[in-house]
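Each chain is listed here by its residues.
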Amino acid sequence: MDPLDAGSGGILRQPKAVWATAGASVVAFMGIGLVDPILPSIASGLDATAGQVSLLFTSYFLITAVAMLLTGFVSSRIGGRKTLLLGLALVVVFAGLSGTSGSVGELVGFRAGWGLGNALFVSTALAVIVGAAAGGSAAAILLYESALGLGMACGPLLGALLGDASWRYPFFGTAFLMAVGFLCIAAFLKEQPRPARRTSLLDPVKALGHGGLASVAASAFFYNYTFFTVLAFTPFVLDMSPYRSGAVFFAWGVLLAVFSVIVAPRLQKRFGSLRVLGGSLVLLAADVLVLGYGDHTTAVVCTVLSGAFIGVNNTVYTELALGVSDAPRPVASAGYNFVRWFAAAAAPFFAPRIEEWTGSLRIPFVVAAGTAVAGALVVLVRRAALTLGAEEAAPRHATRDGVGVFVN
């Protein structure tokens, strides 16, 4: 059955609760790339260096990583609906406060609170969408991936449109949109069934004892360092106006969405997930290396092109982490994301400092290319564990498609 087939109860025919959650998910993912086109403006407005402003990503994702141990603990006790609303409320508060910041230190702190709210929301959203969606888990996951791609594409665009007037406006705009999402979910989403067993804080860490899941997490850790070097450091290299930078990252996000939802599944069907992932990581490494050594036009082209490889990687990592382990999906997801989000926090911190230490804009991209290759090597070396784990886990997951969560 084609999940895009509206006549079969697919992605286009969903209850209001699903559309409300998916719409809020778009805005949640917009928050990741929202600050991209306005990073230079923030640095100028708050008299901060590139390294200081990059901490907006570091604090956000560091808290997100730690919060992965809390999300299952919270949602298994208060339910999915209340967890979503709590996450949205935190984002509204801290996104609004971010717009009032008088120093880069305040802004970094408020982004940390924003990261906690976003973790609670995003980590629960797919479980809610899968539980409430018509057409089975295939349509639900496709809708979630579409929300991710649309949010990643529109975040930089919104940041550019509002940030051209003031760097503060994108934060206020996000707070407003998330408040709308809060009201929609409160109105349309009923409480979801709670898990039969409550999740402990250590369950996600214990799940990483599975060789296949640990391998996926390790590979994704290296990949995420590359991903967020592109996302957080490239705007300073391009040194463009908010509008131009927003247009570049909008095109980047469009490619990410198209390759994540449409291209990646077809490549996987033809070549297999591990071959696709390994090849895409190597191509991403080459792209990032050219980005660092090319002229300005080449850097723009390579930035946009990286969205295609990132989109493919996101989808394949999603499916591997979803099926490689026999742990419940929420637990496996939390453990996997706990590892990989630390790289998302590390890359924005180290990239500008590597540039300062070496005196070269190229070296951060050389390091990022190296981490992408390292991710591919993990896939190659651990191929047997990844393949065997996925084959063993597939029958178990096939019987519980309506239960689970994955944060891409």
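Note that the structure is predicted; figures quoted are calculated from it, not measured.

J.: Please explain the packing of helix α12 (residues 273–293) against helix α15 (residues 363–381) as it appears in this structure.
T.: How two helices sit against one another is set out by the angle between their axes and by the gap between those axes. At their nearest, the axes of α12 and α15 sit 8 Å apart, and the two run at 170° to each other. Between α12 and α15, the angle falls in the class roughly antiparallel. Two secondary-structure elements touch here, α12 through L274, L277, G278, L281, V282, A285, V288, L289, L291, G292 and Y293 and α15 through F365, V366, A368, A369, A372, V373, G375, A376 and V379. Classifying every residue of the contact of α12 with α15 by side-chain character gives 17 nonpolar, three polar and no charged.

J.: Help me understand the nonpolar core in this model?
T.: Counting 115 residues, the largest nonpolar core has I42, F61, F121, F171, I185, F228 and W252 as the members making the most contacts within it. Considering each element in turn, this core owes the most residues, 13 residues, to helix α10 (residues 211–238). Apart from residues lying up to four places away in sequence, F121 is in contact with T21, A24, S25, A28, L84, G87, L88 and I185.

J.: Is there a simple way to think about the packing of α10 against α12 in this case?
T.: Contact geometry for α10 and α12: axes closest at 12 Å, N-to-C directions at 30°. When the axes of α10 and α12 are compared, the pair comes out roughly parallel. Handedness of the α10/α12 crossing: left-handed. Of the residues in α12, those in contact with S219, Y223, T226, V230 and T234 of α10 are L281, L284, V288 and L291. When its residues are assigned to classes, the contact of α10 with α12 shows six nonpolar, three polar and no charged.

J.: Is there a simple way to explain the confidence of the model for the protein in this structure?
T.: For any part of a model where pLDDT is low, the fine detail of the predicted coordinates should not be relied upon. Averaged over every residue, the pLDDT of the protein is 83; residues scoring 70 or more account for 89%. Every residue in residues 1–9 scores below 50 in pLDDT, and together they form 17 contacts with partners more than four places removed in sequence or on other chains.

J.: How should I be thinking about unusual backbone geometry in this particular structure?
T.: Leaving glycine out, the prevailing phi sign among residues is negative, and the prevailing peptide bond configuration is trans. Although it is not a glycine, D47 sits at a positive phi angle of roughly 55°. Locating D47 in the fold gives a position in the loop between α2 (39–45) and α3 (50–53). Not every positive phi belongs to a glycine, and D239 is a case in point at roughly 50°. With respect to the helices and strands, the residue D239 is situated in the loop between α10 and α11 (242–271).

J.: Help me understand the packing of aromatic side chains, please; the structure alone is not making it clear to me.
T.: Aromatic rings in a pair are described by how distant their centres are and how their planes are angled relative to each other. By the definition in use, this model includes 17 aromatic pairs. A centroid spacing of 4.9 Å and a plane angle of 85° characterise the contact between Y60 and F61, whose relative ring orientation is edge-to-face. Classification of F61 by relative accessible area gives buried; the value is 1%. Where W114 meets F171, the ring centres are 6.0 Å apart and the plane angle is 75°; that geometry is what we call edge-to-face. Remark: F171 occurs in helix α8 (residues 169–188) and W114 occurs in helix α6 (residues 104–132); sequence separation between them is 57 residues. Like F171, W114 is buried. Of note, R111 hangs over the ring of W114, and the distance from its end group to the ring centre comes to 4.8 Å. Seen from the ring of F349, R353 lies directly overhead, with NZ or CZ sitting 4.0 Å from the centre.

Cut-offs used in this document
- Residues numbered from 1 in each chain as written.
- Predicted model: local features only at pLDDT ≥ 70, side-chain atom pairs only at ≥ 80, totals over all residues.
- Heavy atoms only, no water.
- Axes fitted to C-alpha atoms, helices over the stretch in contact; angles between N-to-C directions.
- Helix = DSSP H or I, 4+ residues; strand = E, 2+ residues; numbered from the N terminus.
- Parallel < 35°, antiparallel > 145°, perpendicular 65-115°, else oblique.
- Contact = heavy atoms within 4.5 Å.
- Nonpolar A, V, L, I, M, F, W, Y, C, P; charged D, E, K, R; others polar.
- Core = buried A, V, L, I, M, F, W, Y, C linked by side-chain atoms within 4.5 Å.
- Buried < 20%, exposed > 50% of the residue type's maximum accessible area, 1.4 Å probe, protein only.
- Left-handed = near helix turned anticlockwise from the far one by under 90°.
- pLDDT = per-residue confidence, 0-100.
- Phe/Tyr/Trp six-rings, centres within 6.5 Å; stacked < 30°, edge-to-face > 60°.
- Lys NZ or Arg CZ within 6 Å of the ring centre and 35° of its normal.

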